[in-house]
Amino acid sequence: VISFLGKVGHIMKKVKKIIKYWGPPVLWAGVIFLFSTLSQIKTTQIYWQDFILKKSAHMVEYGILAILLYRSFINSNNSKVRSLVYSFILTIIYAATDEIHQTYTPGREPRVRDVLFDTLGASLALYWIKEILPKAGDRIKYYARKLEII
């Protein structure tokens, strides 16, 4: 009985760790999916302002996804380099499938350009983790440790 309870406790620890690290990127991917189900909304009458706002949103959405995925991979016993690469690849795959999903959404259409902006957002976020965060001040590093990014 004690051996069985020990195994159950070990399994529960693993499940909690999976939820803790993989839950946030899965939930964020769900938020992105929900935004993709909405018909396209014009944010302003001026084309270039609308374009900048929407493409900036793409970059931020996918930058956040890349950081959350990095956090999951790095806390799943992967090296920093593997975590960066896996996060980048998975983010781009999700961006591409999101555009495919938009083919089935009324008022939306897939655009390779959007995947490129998503890729740029992921690239900038992961560059920040790799190159800028190690040189950041103590306060930023403190929060990065709290968020378990480093």
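Just above sits the structure.
Being a predicted model, the structure only gives us computed values, none of them experimental.

Considering the arrangement of structural elements, one finds I52 in helix α2 (residues 47-74). C-alpha of I52 to C-alpha of V115: the two residues are 63 residues apart in sequence and 15 Å apart in space.

A few words now on unusual backbone geometry. Backbone geometry places N77, a non-glycine residue, at a positive phi of 65°. Residue placement: N77 occurs in the loop between α2 and α3 (80-102). In this structure, E148 takes a positive phi of about 60° despite not being glycine. Within the secondary structure layout, E148 lies in the segment after α5 (138-146).

Right, let's talk about the side chain of E61 for a bit. For E61, the position within the fold is in helix α2. Put simply, E61 is tucked away with no salt bridge, and the nearest opposite charge, on R108, sits 7.5 Å away. Dropping the residues within four chain positions of it, E61 is found in contact with W28, I32 and F35.

Turning our attention to the environment of A95. Take A95: it is sitting in helix α3. Placed 10 residues apart in sequence, A95 and T105 show a C-alpha to C-alpha distance of 15 Å. Once you skip the residues sitting within four places of it in the chain, A95 turns out to touch Y62, V115 and D118.

Cut-offs and rules
- Residues numbered from 1 in each chain as written.
- Predicted model: local features only at pLDDT ≥ 70, side-chain atom pairs only at ≥ 80, totals over all residues.
- Heavy atoms only, no water.
- Helix = DSSP H or I, 4+ residues; strand = E, 2+ residues; numbered from the N terminus.
- Buried < 20%, exposed > 50% of the residue type's maximum accessible area, 1.4 Å probe, protein only.
- Lys, Arg positive; Asp, Glu negative; His and termini not counted.
- Salt bridge = Lys/Arg side-chain N within 4 Å of Asp/Glu carboxyl O.
- Contact = heavy atoms within 4.5 Å.

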